[in-house]
Amino acid sequence: EGKVVAITGASSGIGEATALLLAERGAKIVLGARRPERLEALAARIEQAGGDAVWARTDVTRREDVADLVQLARDQYGKLDVLVSNAGIGLISRLDDLRVEDWEQMIDVNLKGVLYGIAAALPVFREQGFGHFVNTVSTAGLRIVPLQSVYAATKNAVRTISEGLRQEAGDSLRVTVVSPGAVRTDFAEHMDPSVKPQIDKLMEIALSPDAVARAIAFAIEQPDGVDVGDIVVRPTAQG
Ligand code: NJP
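Note on numbering: residues in each chain are counted from 1, in written sequence order. Thresholds applied to this predicted model are a pLDDT of at least 70 for local features of residues and 80 or more for the giving and counting of side-chain atom pairs; totals over whole chains, interfaces and linings are not thresholded and use all residues. The side-chain quantities take in all heavy atoms of the structure and omit both hydrogens and water.

J.: What's the story with unusual backbone geometry in this structure? I'm lost.
T.: Most peptide bonds take the trans configuration, and most residues that are not glycine carry a negative phi. We note that Leu 98 has phi near 50 degrees; this positive angle belongs to a residue other than glycine. Only DSSP runs of H or I with at least four residues qualify as helices, and only runs of E with at least two residues qualify as strands; both kinds are numbered from the N terminus onward. Locating Leu 98 in the fold gives a position in the loop between strand S4 (82-85) and helix H4 (100-128). Burial status follows relative accessibility: with a 1.4 Å probe on protein chains alone, a residue under 20% of its type maximum counts as buried, one over 50% as exposed, and anything between as partly exposed. Accessibility expressed as a relative area gives 58% for Leu 98, which makes it exposed. Positive phi outside glycine occurs at Leu 147, with the angle close to 80 degrees. Here Leu 147 lies in the loop between strand S5 (131-136) and helix H5 (149-169).

J.: Before we go on, may I ask you to explain the packing of aromatic side chains in this structure?
T.: By convention here, two paired aromatic rings are described through the distance between centres and the angle between planes. Note on aromatic contacts: the rings of Phe and Tyr and the six-membered ring of Trp form a pair at centre separations within 6.5 Å, being stacked when their planes are under 30 degrees apart, edge-to-face when over 60 apart, and tilted otherwise. For the structure shown, the criterion picks out two aromatic pairs. Between Phe 125 and Phe 133, the aromatic rings sit 4.9 Å apart at their centres with planes inclined by 65 degrees, giving edge-to-face as the arrangement. When sorted by exposure, Phe 125 lands in the same class as Phe 133, which is buried. Taking the centre distance of 5.7 Å and the plane angle of 55 degrees together, the rings of Tyr 151 and Phe 187 count as tilted. In this pair, Tyr 151 sits in helix H5 while Phe 187 sits in the loop between strand S6 (173-180) and helix H6 (196-204), placing the two residues 36 residues apart along the sequence. Among the residues examined, Tyr 151 registers a relative accessible area of 8% and is labelled buried.

J.: Sorry if this is basic, but what is going on with the site of the ligand here?
T.: Any residue with a non-hydrogen atom lying within 4 Å of a molecule or strand is treated as near it. Not every one of the 31 residues close to the ligand is listed here, only the nearest: Arg 34, Ser 138, Tyr 151, Pro 180 and Thr 185. Whenever two N or O atoms come within 3.5 Å, that pair is a polar contact, provided that in protein one can donate a hydrogen and the other can accept it, and provided that, for residues adjacent in sequence, both atoms are side-chain atoms. In the environment of the ligand, an oxygen atom lies 2.7 Å from a nitrogen or oxygen atom belonging to the side chain of Thr 185. In these tables, accessible area is a Shrake-Rupley quantity obtained with a 1.4 Å probe, and a residue counts as shielded only by the protein chains included in the view. In isolation the ligand has 880 Å² of accessible area, and contact with the protein removes 96% of it. The set of elements that each furnish at least two residues to the shell around the ligand consists of helix H1 (13-24) and H5. All residues other than Ala, Val, Leu, Ile, Met, Phe, Trp, Tyr, Cys, Pro, Asp, Glu, Lys and Arg, Gly among them, are scored as polar; the first ten of these are nonpolar and the last four charged. Residues of the shell around the ligand, tallied by class, amount to twelve nonpolar, 14 polar and five charged.

J.: Mind showing me how you'd approach the sheet that holds strand S2 (residues 28-33) here?
T.: Each strand in a sheet pairs with its neighbour through backbone hydrogen bonds, running either in the same direction (parallel) or in the opposite one (antiparallel). Pairing between strands is defined by DSSP: at least two bridges between the two strands are required. Within the open sheet, the seven strands sit side by side as S3-S2-S1-S4-S5-S6-S7. Their pairing is parallel. Each edge of the sheet is formed by a strand with only one pairing partner; in this case those strands are strand S3 (52-57) and strand S7 (230-233). Going from strand to strand, the sheet's axes swing by 15 degrees on average, the running direction of each strand aside. Bridge count between strand S1 (residues 4-8) and S4: three bridges; the pairing is parallel. Of the residues in S4, the one forming a bridge with Ala 6 is Leu 83. Pairs of residues are marked as contacts when any of their non-hydrogen atoms sit within 4.5 Å. An axis is simply a line fitted to the C-alpha atoms; with a helix, the fit covers only the stretch in contact. Between two such axes, the angle follows the N-to-C directions and lies from 0 to 180 degrees. Here helix H2 (residues 36-48) sits on the sheet in contact with S2 and S3, set at roughly 175 degrees to S3. Against the sheet, H4 engages S4, S5 and S6, with an angle of about 170 degrees to S5.

J.: Quick question: what am I supposed to make of the packing of H4 against H5 here?
T.: It is the contact of H4 with H5, at a shortest axis distance of 8 Å, that shows an interaxial angle of 15 degrees. With respect to H5, the element H4 is oriented roughly parallel. With respect to the hand of their crossing, H4 and H5 are arranged in right-handed fashion. Contacts between H4 and H5 involve Trp 103, Met 106, Ile 107, Asn 110, Leu 111, Val 114, Leu 115, Ile 118, Leu 122 and Arg 126 on the former and, on the latter, Val 150, Tyr 151, Thr 154, Lys 155, Ala 157, Val 158, Ile 161, Leu 165, Glu 168 and Ala 169. Considered class by class, the residues forming the contact of H4 with H5 number 15 nonpolar, two polar and three charged. Note on angle classes: values under 35 degrees are labelled roughly parallel, values over 145 roughly antiparallel, values of 65 to 115 roughly perpendicular, and the remainder oblique. Here is the rule for handedness: rotate from the far helix to the near one, and if that takes an anticlockwise turn smaller than a right angle the crossing is left-handed, while a clockwise turn gives right-handed.

And the structure:
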């Protein structure tokens, strides 16, 4: 339907599935992530299917990269309708293990990356008089369990900021948080081998990333004035 949608973490999993689905439905897609070869291949796939996509190497821990991604949307398509801040990393461990660098990385990607998205897109949305933030958070933030507390904290911080943004936004902006449960992506690949058995078990019941993509598309495709604020998508088998 001609919306311009920028997606961070578009090189795999939920971001990639969302890019493909929205492109198929007529959106123009601006892809961001750190792996250029994957973005290039995805953009080519979208173009071959008759869609429209551009990409930029984007590390969301670098404020200027996120600003450049937003600028690319404006340069290429003249506007930005939606920013999907989806890049995320889950490095779960016991607090006792003092994985301070992992904590910092999760804060940098999951929290500061989203804030950089707000810093880049909010002035654009204000100027345009419309805009939509979609932030991928987590069901891990809804029920805190051992090993996941720092990850959950970064996601709950984004949830809090999203609600503040919604309240400050007025009627011209939309803000959506999407909380996936277990989804079959590369997400678990970055985790410590010690938690692998637990994660493998979860992956047995995990959803396809398409399920989350459809939820994101649902929020984006609502008519003006309708704000889908909070969506949880998890497998029926997830406790
Ligand atoms: O995982 P994965 P998902 N700068 O690993 C990118 C949340 N979630 O699709 O940079 C920019 O396939 C990375 O790209 P690259 C989760 O917290 C998931 O499952 O090229 N991008 C890749 O495209 C996350 O927020 C589950 O390596 C960076 C993407 O992030 C979102 O869903 C459950 C980056 C990760 O894709 C998508 O994750 C849940 C950086 N510095 C929440 N670092 C689940 N899968 O079960 C990473 O509750 N990326």
